[in-house]
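Take a look at the letters that make up each chain.
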Amino acid sequence: MPSRLFSAGWRAVMEGVGPWTLPTWMVLAPRLLSVSCVDCAEHQEPPRKKLLSEKKLKRHFVDCRRLLVRGGRGGDGVSCFHSEPRKEFGGPDGGDGGSGGHVILRVDRQVKSLSSIQSQYQGFDGEGGGRKNCFGRNGAVLYIRVPVGTLVKEGDKVLADLSRPGDEYIAALGGAGGKGNRFFLANDNRAPVTCTPGQPGQERVLFLELKTMAHAGLVGLPNAGKSSLLRAISNAKPAVAAYPFTTLKPHVGVVHYEGHQQIAVADVPGLVRGAHQNRGLGLAFLRHIERCSFLLFVLDLSVPEPWTQLDDLKHELDQYEEGLSNRPHAVIANKIDLPQARANLPELQARLGAKAIALSAATGENLEELLLRLKELHDSHAASELQRGRQPLRW
C-alpha cells in the first residue's frame, strides 16, 4: 500500500506541473562530451614502437663469452633399517644418492652467435636415496648449444675445438652421489648407521670464442659508412648516425644469392690509429676482424687523401697479427654520391688501380659490382678450404 500511494501522489504532482522537459544543458551535455572525445581521438598520435638502443642491439652478435659452469650436486645417502612384521633384525636398507648432472657444450648448426649463452649455468642435482635400498635419481644432463667453430678455453689453454655439428665437450662434471648405510654392511658390522652426503659438482670458469665470426668483415675508420653499407646489401639493421663510433658491437648481415647460397658479412666497429695499442678498444675490434675469412676495406672517399686510410688500416692489422692484411680482400670507395668524393675518385683509382669499387651505400649506386666481387671472394675461399680437406663455413 505505501508504494501504491507514493506512485499515485507522484503522478498527481507531475500532472499539476504540466508538460515536463529536460533542461537544455542536460540535452547538450552528451553531445558536447561525444564531440570532445572525437576531437581527442583525432588529435591523438598513434603509438610508436620504441627504438632499440645500442645496448640492446649488441645482443645481435657476440663472438666471445665468459662462462661460469657448475655441475649438479650428488644426492645424499640415507641411513635407515628394514622394518617388517615378524622380522626383528631386517638389516640396513638405506639407498645411495643419485649422481649430479653434467653440463655439456653441444654444437648446433642453427646457432650462429654466442648471444644466447648466459654467464652462469648450474647442473641439475641428484636425488637423495630412499628406504628399501632405493637409489636416488641421477640429475639430468644440461646441454648448452654453441655455434660451429667454438673454441673452449680455460685461461690461456685451449681445451676443445668444436668445429663439427654434434661435437660435445663436458664443461663441468656432476658430483658423485652419497652412500647409504647399506653400502657399509660388512661381516664385522651388521648394523651400520654411517651414510655419506653427496659431493658438489665441478666448478669452472671457461671462455668461449668463435674461430670464424663471418665470411667477410667490413674494415674501416669510424664514420666510413660501414653500417650503411651493411644495411644496403642485407636485412641487418645496425644503428646509423652522423657521428663516429655509432657501432660499438659487431653486427652480422646475410647476403642471399641464387641457389640458396648465403654469405655472412660482419660490420666491425671502426678502427683508429694506434688500435693495435688498444686505443679506442682497438684490440677487441681487431679480434673480430681476425675471425673473418676475407676482408672488405671501406674508405671514405669524401675526405682529403682517402688513399691514406687503406695504408693506416693495413698497418694496424699487421701490427696486431703479421700477415692479417694479406688475406683476400676488396677495396670499397664509399660515398661516391658526394661532390668531393667524385673529385677524389680519379686520383684514388690512379694510386690503387681499377680494383677499388666506387659506390654509394646511401643511394645504392654500383652495389651490383660489390655483390659480384663478394661472391668471387667467397667461392675462392670455399675452394681453398676444400683443397685443405676442411669444410667451409655454411651460414
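Owing to the predicted nature of the structure, the values given are computational and were not obtained by experimental measurement.

Asks: Whenever I open this one, the packing of helix α4 (residues 226–233) against helix α8 (residues 367–387) confuses me. Can you help?
Replies: Between two packed helices, both the angle of their axes relative to each other and the distance between the axes serve to describe the pair. Direction vectors running N to C along α4 and α8 enclose 85°, while the axes themselves pass 11 Å from each other. In this view, α4 runs roughly perpendicular relative to α8, as classed from their interaxial angle. In contact with Leu 229, Ala 232 and Ile 233 of α4, α8 contributes Leu 367, Leu 370 and Leu 371. Broken down by class, the residue content of the contact of α4 with α8 amounts to six nonpolar, no polar and no charged.

Asks: Would you explain the sheet that holds strand β7 (residues 168–172) in this entry?
Replies: Across a sheet, paired strands are connected by hydrogen bonds in the backbone, their directions being either parallel or antiparallel. Ordered in space as β4-β2-β7, the three strands form an open sheet in which the pairing is mixed. Two strands lie at the open edges of the sheet, namely β4 (142–146) and β7, each paired on one side alone. The mean angle between the axes of side-by-side strands here comes to 30°, regardless of whether they run parallel or antiparallel. Across five bridges, the pairing between strand β2 (residues 103–107) and β4 is parallel. Along β4, the bridge assignment pairs Leu 105 with Ile 144.

Asks: What exactly am I supposed to notice about helix α6 (residues 307–320) here?
Replies: Since the α-helix advances by 3.6 residues per turn, residues separated by three or four positions end up pointing in the same direction. For α6, built from 14 residues, the straight-helix expectation of 20 Å at 1.5 Å per residue is met to within 8% by its first-to-last C-alpha distance of 21 Å. Three or more residues of α6 are buried, namely Trp 307, Gln 309, Leu 310, Leu 313, Glu 316 and Leu 317.

Asks: For this particular structure, what's the right way to read the environment of Pro 304?
Replies: Position of Pro 304 among the secondary structure elements: in the loop between β12 (292–300) and α6. The exposed category is assigned to Pro 304, whose relative accessible area is 71%. Through-space distance from the C-alpha of Pro 304 to that of Ala 341 is 9.0 Å; in sequence the pair is 37 residues apart.

Asks: What am I meant to see in the pairing of strand β11 (residues 261–267) here?
Replies: Looking along a regular strand, one sees side chains alternate from face to face of the sheet. Among the seven residues of β11, six are classified as buried, and the element is accordingly described as predominantly covered. Note that strand β9 (residues 214–220) and β11 share three bridges and pair parallel. Across the sheet, the residue bridging to Ala 216 is Val 265, located in β11. As judged from the seven bridges shared by strand β10 (residues 251–257) and β11, these two strands associate in the antiparallel manner. If you follow Gly 253 over to β11, its bridge partner there is Val 265. A loop of three residues connects β10 with β11, the two strands running antiparallel in sequence, and Gly 259 in this loop sits at a positive phi of about 75°.

Asks: Explain the sheet that holds strand β1 (residues 64–70) to me, please; I cannot follow it from the model alone.
Replies: Pairing in this open sheet of five strands is mixed, and the strands run β3-β1-β8-β5-β6 from one edge to the other. Pairing within the sheet leaves two strands with one partner each, and these edge strands are β3 (120–122) and β6 (157–162). Neighbour-to-neighbour, the strand axes of this sheet turn through a mean angle of 25°, independent of strand direction. Where strand β5 (residues 150–154) lies against strand β8 (residues 203–210), four bridges are found, and the strand directions are antiparallel. Along β8, the bridge assignment pairs Thr 150 with Leu 210.

Asks: Teacher, can you tell me more about the side chain of Glu 316 here?
Replies: If you trace the backbone, Glu 316 turns up in helix α6. The charged side chain of Glu 316 is buried without a salt bridge, its nearest counter-charge being Arg 273 at 7.0 Å. Excluding anything up to four places from it in sequence, Glu 316 contacts Val 272, Arg 273, Gly 274, Ala 275, His 276 and Leu 286.

Asks: What exactly am I supposed to notice about the nonpolar core here?
Replies: A general feature of soluble globular proteins is that nonpolar side chains tend to end up buried together. Membership of the largest hydrophobic core comes to 54 residues, with the highest contact counts inside it found for Val 69, Leu 105, Ile 144 and Leu 271. When neighbours within four sequence positions are excluded, Leu 105 is seen to be in contact with Leu 67, Ile 144, Val 146, Val 152, Leu 162, Asp 167, Glu 168, Tyr 169, Ala 171 and Leu 208. Counting residues in hydrophobic clusters, the runner-up holds 23 residues, among them Leu 218, Leu 296, Leu 359 and Leu 367.

Asks: Quick question: what am I supposed to make of α4 here?
Replies: Listed in full, the buried residues belonging to α4 are Lys 226, Ser 227, Leu 229, Leu 230 and Ile 233. One face of α4 carries all of its buried residues, which in axial projection span an arc of 160°. Looking at the buried side of α4, the elements it contacts are β9, β10, β11, β12, β13 (329–334) and α8.

Asks: Help me out: how do you make sense of the side chain of His 378 in this one?
Replies: Position of His 378 among the secondary structure elements: in helix α8. On the basis of relative accessible area, His 378 is assigned to the buried category, the value being 9%. Once residues within four sequence positions are removed from consideration, His 378 is found in contact with His 215, Gln 261, Ile 263 and Phe 294.

Asks: Even after reading the chapter, I still don't get the packing of aromatic side chains, so can you show me in this structure?
Replies: Each aromatic ring pair is specified by the distance between its two centres and by the angle formed by the two planes. Here the structure, examined in full by the defined rule, presents one aromatic pair. Centre to centre, the rings of Phe 183 and Phe 184 are 5.3 Å apart; their planes meet at 90°, and the pair counts as edge-to-face. Here the guanidinium or amino end of Arg 106 rests over the ring plane of Tyr 143, the centre of that ring lying 3.9 Å away. The ring of Phe 183 has Lys 179 sitting right over it, with the charged end atom 5.0 Å from the ring centre.

Thresholds, definitions, all that
Residues numbered from 1 in each chain as written. Predicted model: local features only at pLDDT ≥ 70, side-chain atom pairs only at ≥ 80, totals over all residues. Heavy atoms only, no water. Axes fitted to C-alpha atoms, helices over the stretch in contact; angles between N-to-C directions. Helix = DSSP H or I, 4+ residues; strand = E, 2+ residues; numbered from the N terminus. Parallel < 35°, antiparallel > 145°, perpendicular 65-115°, else oblique. Contact = heavy atoms within 4.5 Å. Nonpolar A, V, L, I, M, F, W, Y, C, P; charged D, E, K, R; others polar. Pairing = 2+ DSSP bridges. Expected span 1.5 Å × (residues − 1). Buried < 20%, exposed > 50% of the residue type's maximum accessible area, 1.4 Å probe, protein only. Lys, Arg positive; Asp, Glu negative; His and termini not counted. Salt bridge = Lys/Arg side-chain N within 4 Å of Asp/Glu carboxyl O. Core = buried A, V, L, I, M, F, W, Y, C linked by side-chain atoms within 4.5 Å. Arc of directions from axis to C-beta. Phe/Tyr/Trp six-rings, centres within 6.5 Å; stacked < 30°, edge-to-face > 60°. Lys NZ or Arg CZ within 6 Å of the ring centre and 35° of its normal.

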